[in-house]
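# Observations on chain architecture
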Amino acid sequence: MAEPPGCCRPCATCLLCLYSCQWITAKEKRRGLRTTKCDCSWFLFLFCVFVFTLVWLYFAIIILNDFHNFNEFIFKQRKVWLDWSLVLLIATAVLITYLSMLLVLALCLQLCGQPLKLHWLHKSLLMLTALVVAAAFTGLGIKWAEEWRSARISLQATGPFLHIGIVGGMTLLAWPLASFVYRTRNTGLKVFLLLVYCVVMIMLYLVPLGITSPCIMEENQLPPKPALVGHRGAPMLAPENTLMSLHKAVDCDVQVFETDVMVSADGVPFLMHDEELTRTTNVQAVFPERAALNSTTFNWTELQQLDAGSWFLERRPFPTVQSLSADDRYQATKQRIPSLKQVLEAAKQSSISIMFDLRPENHSDYQSFVNATLEVILQSGIPLQQVLWLPDGFREQVKQQAPGVQQVYGRKRLQNEKEPLLHVNLPYQDMTSEEIRQYRQDNVSVNLYVVNQPWLFSVLWCSGVSSVTTNACQVLKEMKRPIWLLPRSTYLMIWIVVDCTSFLAILWAFLLLK
């Protein structure tokens, strides 16, 4: 088998060893090894699995915005806390690295004129990788379907740059493709590969016609920066739903403290998100036989015996916990479950608004929960416009007893709305950029949750959202403008330059290798 100039025999032999797990013997050199149709099929399968896994890596990065919810879900099921995002990213990185190595080896072998004899071990691992990634996508679709909508939103932030990257990658493929076309004697295969490649490239060149992003706009059209709503305070800097978390949120210039309220067995409203106390307190140590009971079965005296801060240092729900100062760590260990009265007093002093859900909604004594909560609000002396009421249950009663409280709705507007909505609070996946703009024009305040990643905050900022609920107030606070903002004329110029450069590079590859 003739070797092309510039490809030394030791290098070619080493490449074939890594890809095929065999050395080239003298007998094999005389006989000549050829790439069969089966070998080409395995290379195509390798390329498809690589692209499939690359798409999964993109999804893995996107869902990091919501991964804390997944960690909480696993804890409720298994009572074991682990940051599963690290496991996901490490496993995906290992798969991508392995597939990239195989792909580079195959392309190098093709350029060196060597056969693509993939070893059976690599074939087995390829099939296993394809099954694992397919199972990951299936699980995502079944248990976390809203993340498909998150991925669609992410394309508004990454679409222009993904286009440039994909065009660049496909342009680089012109070299091994040209090498293969000039070497093979199968005319039908040549025509097929060239036709497929040309169709794909033409589609990629025209993709920007379908790319839309709210951040493609002039600088003077950019809406004001969305206000920040602290999700349970500042949970990356302090134990969630504690007074420390509220004070950290105030330091982050958060305008609203979002929390969850429950009512104790003796009628005291207090802050707690989970129905059980196991995740955010040491209830298993203090009341081991009652740890699995609902939070509302404990009286206020019992709740005050629980440590609501040490878990934050032990489990480290966010990577930011490692960078806390010694004073913050000490303060965290001193946190107790706060009552709504204590929180309202702190909010009044800090001039921060408070927005809350009242849980659990399906409780038989829910009306008494509403009454107890309203009583504390009215007695606290806090200006009622600082209170944002989320619960739907007994809303009309709340309007009558506390007419100054701002009503926030967890739904979109209806066609025949009797009373106009002034505030809506929705998951960020539930509203399109067009709907956000329309609500803004109609003077309806839109708050979307939970927004932690700068790319997502940038898209919603460009769309004109009023505020976002976030765990990462310390990150979003520092953003002075969206991550990127391009005038349409500039984006058009980038699109034309990229496509023209790619076309010329492909022509050069085919002419040079000929």
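Residues numbered from 1 in each chain as written. Predicted model: local features only at pLDDT ≥ 70, side-chain atom pairs only at ≥ 80, totals over all residues. Heavy atoms only, no water.

Within an unreviewed UniProt entry, the label attached to the chain reads GDPD2 inositolphosphodiesterase, and the organism entered is Bucorvus abyssinicus. Looking at the chain in UniProt, the text filed under Subcellular location (unreviewed entry) is "Membrane". The Sequence similarities (unreviewed entry) comment attached to the chain in UniProt states, word for word, "Belongs to the glycerophosphoryl diester phosphodiesterase family." (UniProt positions renumbered as here; feature names shortened; annotations may be inferred.)

## Let's talk about the pairing of strand 7 (residues 423-427)
Burial analysis of strand 7 places four of its five residues in the buried class, the great majority of the element. With respect to chirality, the unit in which strand 7 leads through helix 18 (residues 433-441) into the neighbouring parallel strand 8 (residues 445-449) is right-handed. (Buried < 20%, exposed > 50% of the residue type's maximum accessible area, 1.4 Å probe, protein only. Helix = DSSP H or I, 4+ residues; strand = E, 2+ residues; numbered from the N terminus. Right-handed = clockwise from strand over helix to strand, strands pointing away.)

## Quick notes on the layout of surface pockets
If you add up the space inside the second largest pocket, you get close to 920 Å³. V51, L54, V55, L162 and I166 are the residues nearest the centre of the second largest pocket, which is lined by 29 residues in total. For the lining of the second largest pocket, the secondary structure elements donating two or more residues are helix 3 (37-62), helix 5 (84-111), helix 7 (146-172) and helix 9 (187-206). The element that contributes the greatest number of residues to the lining of the second largest pocket is helix 7, accounting for 10 residues. (1 Å grid on protein atoms, 1.4 Å probe; cavity = no way out; pocket = protein on both sides within 12 Å on 5 of 7 lines; lining within 4 Å. Points joined across faces, edges and corners; volume = space filled by probe spheres on them.)

## Digging into the UniProt feature "domain: GP-PDE" (unreviewed entry) in the chain
Following the UniProt record, the feature "domain: GP-PDE" (unreviewed entry) maps to residues 226-480 here. The distance separating the terminal C-alpha atoms of residues 226-480 is 11 Å; by composition the span is 34% helix and 16% strand.

## Considerations on empty space enclosed by the protein
Under the defined criterion, the tally for this structure stands at three cavities of 30 Å³ or more. A volume near 50 Å³ is recorded for the largest cavity. For the largest cavity, the full set of lining residues is E240, N241, T242, L271, M272, H273, T280, A308, I337 and P338. Looking at the lining of the largest cavity residue by residue, the classes come out as five nonpolar, four polar and one charged. (Nonpolar A, V, L, I, M, F, W, Y, C, P; charged D, E, K, R; others polar.)

## Some details on the nonpolar core
Within the largest apolar cluster, 70 residues are counted, with the highest numbers of intra-cluster contacts made by L340, I354, W389, L448, F457, L460 and V468. With near-sequence residues (within four places) excluded, W389 lies in contact with F356, V370, T373, L374, I377, R395, V398, V405, Q406, Q407 and V408. Of all hydrophobic cores here, the second largest spans 19 residues; its members include L16, V49, F50 and L109. (Core = buried A, V, L, I, M, F, W, Y, C linked by side-chain atoms within 4.5 Å. Contact = heavy atoms within 4.5 Å.)

## Details of the UniProt feature "transmembrane region" (unreviewed entry) in the chain
Here the UniProt-annotated "transmembrane region" (unreviewed entry) positions come out as residues 40-64, 84-112, 124-142, 162-182, 191-211 and 491-513. Secondary structure across residues 40-64 comprises 92% helix and 0% strand; the distance between its end C-alpha atoms is 37 Å. As annotated, residues 124-142 has a helix share of 100% and a strand share of 0%, and its two end C-alpha atoms lie 27 Å apart.

## Thoughts on a nonpolar patch on the surface
Judged by side-chain polarity, W120, L121, L125, L128 and V132 come together as a nonpolar surface patch covering roughly 480 Å² of accessible area. Mapped onto the secondary structure, W120 falls in helix 6 (residues 120-143). (Patch = residues over 30% accessible without salt bridge, like charges linked within 9 Å, V, L, I, M, F, W, Y side chains within 5 Å. Areas by Shrake-Rupley, 256 points an atom, 1.4 Å probe, with all protein chains shown as cover. Salt bridge = Lys/Arg side-chain N within 4 Å of Asp/Glu carboxyl O.)

## Here we look at the state of the cysteines
What the rule picks out here adds up to one disulfide. Each disulfide pairs two cysteine sulfurs, and for C215 the partner residue is C462, the sulfurs being separated by 2.3 Å. Of note, the bridge from C215 to C462 carries an S-S torsion of about 100° and is right-handed in sense. A residue pair is termed long-range when its members are at least 10 positions apart, and C215 in the loop between helix 9 and strand 1 (227-231) and C462 in helix 19 (residues 454-463) qualify at 247 residues. For the pair shown, C215 and C462 are each scored as buried. With no disulfide partner, C40 has as its closest neighbouring cysteine sulfur the one in C38, 9.2 Å distant. Of the residues examined, C40 reaches a relative accessible area of 24% and is grouped as partly exposed. This cysteine, C252, is not joined by any disulfide, and C473 carries the nearest cysteine sulfur, 3.0 Å off. Judged by relative accessible area, which is 5%, C252 ranks as buried. (Disulfide = S-S within 2.5 Å.)

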